[in-house]
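# Tertiary structure, described
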Amino acid sequence: MFYIVEEKSKLERLSKMLTQPCYLEVISSNDKYHPKLTNTCAVYIREIESDSGYIIPINHSEGLNVEKERVYELLLSAKTLYTLNKKNLLYYFNLQEVMDLSLMYSMTYYKKLEYVRDSATINWYYRQYESNININSIVPIVKLYERCEDTYNSVAEVIKSIKIPAGFDFYNKTATNVFYLIEQNGIGVNENDFNNIHKPRNPILNTKNSSVYSSYNLYHATSRPTNNFNSVNFAAINKAAEYRECFKPKNDFFVEFDFDGYHLRLLADQIEYELSKESAHKQLAKNYFGTEDISEEQYLQAKQINFHAIYGKIPEEHKNLRIFKDIQEYIDNMWKSFNEKDGYVWNTQSGKYFTNELKEMHPAKLMNYMMQSLETSNNITILKNVLRYLRDKKSFITLYTYDAILFDFSKEDGKGTLTDIKTIMENEGKYPVNFKYSTNLVL
């Protein structure tokens, strides 16, 4: 069949096609499994201006399979490649220049890119054999090809019309790589206890050798990732002990570093208000209550005041404090810029724009979006630096949850490793962190 690329002559023809912008889809051995646990079944490629695409079998029962390394060499020669999920693609091919179409769409229109991903025949196979790790190798290759064709046709107009949004490189390259690397590590668990308490839909899909694998979704309006897979929300694990005792480090300890007053400090950066290393909430509490000796009750009240103030609900009795005047001015200026003709506001760290494609906005909501965006971009930079530092260590990042990073720590790396991580995260003292450790997630 002409659309199946197996012979050398067809690969050479395909190589010439890749000088033009193309769409790429990797077909894993099983769509339902976490990509960490799967292999490459086939690759679908289609030139953007072409009427049809091609499928290259790599591990399929019906094809004269092409060596994966040969396919990789071919893809590396491509001029411009689009794909629907670059982070997942990296599990199969290290193609750094590929452009994530779903990311482009979410950064432009602030919503999820919808596309066709359905086939009655393939669905039948999955109903019968979902747990078969190599199910796609026995699905008729023509049906895999047809599904890829349908998917491409459903996004073709987006590919042809969309422009690269501001800040795209930061998320397409740095963020995608950061979360791909974190996912690969998995999270240590007692499998029976984890399955009993968290009740994943089908444990085999993302659990192996006492590790459970999560998946960060980067396609949100603020770019703040969620982390759900197999019916488990890893970004919001229940605080109750029974939900956390099932997690066990692969090394010696879990060590959690969490930021002090993180959103408050990120905002202080934007308005150029200087905070010391002391608890940010306690520093402001001293202004609210006129004392250096802050009680626990006063500290909690200050946290509540600060939380509301960040999002524009500045208490009347404190509105004349310099920090709140500056916050209000920051919110007002953002809202004014957003509402101008062709107006927008932007994240100064990542370059991400927020435009009038965002509907039903108001000052507090826009402020919320900006704070989540600043939190995410700052954390991505920190995570990148920590990952680089840990490259030759046994310890690794095992989970990221917005204002905290969880490490699976090996004593072989020495206490100095924890000191170095703390230094990297604090960024010259701008973002002080606290840490806790335990042999489970009851921290």
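Remember, predicted model here, so these are calculated numbers, not experimental data. (Residues numbered from 1 in each chain as written. Predicted model: local features only at pLDDT ≥ 70, side-chain atom pairs only at ≥ 80, totals over all residues. Heavy atoms only, no water.)

## Some thoughts on the sheet that holds strand β8 (residues 211–212)
- With antiparallel pairing, 3 strands are arranged side by side in an open sheet as β6-β8-β7. Here the strands that pair on one side only, and so sit at the sheet edges, are β6 (187–188) and β7 (207–208).
- Here 2 bridges tie β7 to β8, and the two strands are oriented antiparallel to one another. Bridge pairing links T207 to V212 in β8. (Pairing = 2+ DSSP bridges. Helix = DSSP H or I, 4+ residues; strand = E, 2+ residues; numbered from the N terminus.)

## Comments concerning the pattern of salt bridges
- Considering all chains together, one arrives at 19 salt bridges under this definition.
- Salt-bridge contacts for R265 lead to D260; the nearest nitrogen and oxygen are separated by 2.9 Å.
- What makes R265 buried here is its relative accessible area of 2%.
- Salt bridges sharing partners connect three or more residues here, namely E278, K286 and E292. (Salt bridge = Lys/Arg side-chain N within 4 Å of Asp/Glu carboxyl O. Buried < 20%, exposed > 50% of the residue type's maximum accessible area, 1.4 Å probe, protein only.)

## Focus on the pairing of strand β3 (residues 54–57)
- Where strand β2 (residues 40–47) meets β3, 4 bridges bridge the pair, whose relative direction is antiparallel. Residue pairing in the sheet places A42 in a bridge with P57 of β3.
- As consecutive antiparallel partners, β2 and β3 are separated by 6 residues.

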